[in-house]
Amino acid sequence: MSGEPPAPELIARGTPAFRRASLGLVLASLVIFGNLYAIHPLLPLIAEQYQVSTLRASNAFTLTSLTLGLSLLILGPLSDAFGRRAPLIIGMACTSVLTLCIAFSDSFTTLLWLRALLGIALGVLPATAIAYLGDSMQRGALISAVGLYIGGNTVGGAGGRLLGGFIADHVSLDAVFLIIGASSLLCTLVVLLLLPPARGFSAQPLSLSGTLRNFASHLGNRALLPAYLVGGLNFMVFINLYTFVTFRLSGEPWQLGASSLGMLFLTYLAGTFSSSLSGRVGAERATLGMATGILIFALGCLVTLTSPLWLIIGGLLLNSFGFFLTHSLANSWINQNATHAKASASSLYSVFYYLGAAVGIYYLAPFWRLAGWPAVVAGSLLVLVVNLALTGYLRRR
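Below, the structure is looked at part by part. (Residues numbered from 1 in each chain as written. Predicted model: local features only at pLDDT ≥ 70, side-chain atom pairs only at ≥ 80, totals over all residues. Heavy atoms only, no water.)

The next point concerns the overall build of the chain. Per the secondary structure count, the chain includes 17 helices and zero strands. For 397 residues, the compact-globule estimate of 2.2 N^0.38 gives 21 Å, and the C-alpha radius of gyration of the chain, at 20 Å, lies within 12% of that figure. Each principal axis of the C-alpha atoms in the chain carries an extent, and together these give about 75 × 50 × 40 Å. Here the chain holds 397 residues, and the buried ones make up 58% of them. Within the chain, counting contacts between residues at least 6 apart in sequence, those at least 24 apart form 84% of the total. Summed over its atoms, the accessible surface of the chain is roughly 15500 Å², and 69% of this surface lies on carbon and sulfur atoms. Considering the chain, the positive charge centre built from 20 side chains and the negative charge centre built from 10 side chains are found 12 Å apart. (Helix = DSSP H or I, 4+ residues; strand = E, 2+ residues; numbered from the N terminus. Rg over C-alpha atoms; globule rule 2.2 N^0.38 Å. Buried < 20%, exposed > 50% of the residue type's maximum accessible area, 1.4 Å probe, protein only. Contact = heavy atoms within 4.5 Å. Areas by Shrake-Rupley, 256 points an atom, 1.4 Å probe, with all protein chains shown as cover. Lys, Arg positive; Asp, Glu negative; His and termini not counted. Charge placed at Lys NZ, Arg CZ, Asp CG, Glu CD.)

See the structure below:
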């Protein structure tokens, strides 16, 4: 008789455990992405209040994305060594406290420092979530669970922006951070009660040489590196299109206020639908699904070149649907094709993803200065063509 312990029973789709784990990660997504993106519709107000340029004001978002992406190089290996659930809860608690502290910042420099620290705390979700699902779910449940999780990302991003813009129009910037920080703390307690431990987690020894070997192995995996690039390049243009559209629509002839700009991010809900829909795309059709998402994204970019506001919103809906379809499938692809150290593999995807967001503002800013929104769209389409080529490479493999 073997002395090996029995394999853990993984969570099946449709079970109470599946619903608890999915709901817990959706709530965690609301907290993490609400805190990350609430500042987005506030950038014109921040530029005005602190008397800084629009590009400098955008650093309040860009710097958070940068530190979030870099933190994953450490948080991913830590998760492989110490687990998924505990780091997630700790990171959510730190997120809540830092957002409350931002409410009391008295200078733009202090705001930037706190947002930089916030990025590190926010990194725990992308460092652990997909690996948690991979450790906990049966294969048939994994893609559905990832789709629900990504859907939570879209709701968190849209809700944070909507709430931030609405509160800022009626009270103050400080109140935005107080309300979001307090709400985040409450959600953290709920996630603590809901989220079960990862059933199939197997700790890996933590060592610098082992971590570097894992990263090198993932980057050398020809089934992973193109997917990393797809995620980073896609997010590089997607998130920064929203940055520039807020500056575009806050000017003539639209002159939208903070709450109206925040409502633009309700277009993210199209991504909630497409993320959930991605669960119906079989593994053998994942690359075709990624390419379809990129083409829909490109079509949305072209639609935003029009002037009527309803058509611009329609273009943003297409952008969101296409982007999140590709993002969900690429995330699942990484988890399914990583042969070991899945948290490190998922973290590398998120590193590319958030570094793309951080550098995208500097890629698109020259286009914006050169010829405004049409040039920004042209620069975005160039990147999407590269992404189509990368998905074609993955499909051929």
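Once the structure has been displayed, the description carries forward.
What follows deals with the packing of aromatic side chains. Within this structure, the stated rule accounts for 19 aromatic pairs. With centroids separated by 5.7 Å and ring planes inclined at 25 degrees, the aromatic side chains of F235 and F323 adopt a geometry described as stacked. One end of the pair, F235, is in helix α11 (residues 225–249); the other, F323, is in helix α15 (residues 309–337), and 88 residues separate them in sequence. For F235, a relative accessible area of 1% translates into the label buried. Using a relative accessible area of 1% as the deciding quantity, one classes F323 as buried. (Phe/Tyr/Trp six-rings, centres within 6.5 Å; stacked < 30°, edge-to-face > 60°.)

This next bit is on the packing of helix α4 (residues 59–82) against helix α7 (residues 124–136). At their nearest, the axes of α4 and α7 sit 8 Å apart, and the two run at 45 degrees to each other. Here α4 lies oblique to α7, going by the angle between them. As for the relative orientation of α4 and α7, their crossing is right-handed in sense. In this structure, α4 uses L68, L72, L75, G76 and S79 to contact α7, whose residues at the interface are V124, P126, A127 and T128. (Axes fitted to C-alpha atoms, helices over the stretch in contact; angles between N-to-C directions. Parallel < 35°, antiparallel > 145°, perpendicular 65-115°, else oblique. Left-handed = near helix turned anticlockwise from the far one by under 90°.)

Below, the discussion takes up the environment of I334. Mapped onto the secondary structure, I334 falls in helix α15. When its relative accessible area of 1% is taken as the criterion, I334 is described as buried. Each C-alpha atom of the pair I334 and C301 lies 27 Å from the other, and the pair is 33 residues apart in sequence. Not counting chain neighbours up to four residues away, the residues in contact with I334 comprise L224, A227, Y228, A345, S346 and Y349.

On to the nonpolar core, then. Grouped together as the largest cluster of nonpolar side chains are 118 residues, with contacts concentrated most on L25, I46, L125, L133, Y149, F235 and Y354. Those residues within four positions of F235 in sequence are excluded, and the remaining contacts are Y37, N240, F323, Y353, Y354 and A357. (Core = buried A, V, L, I, M, F, W, Y, C linked by side-chain atoms within 4.5 Å.)

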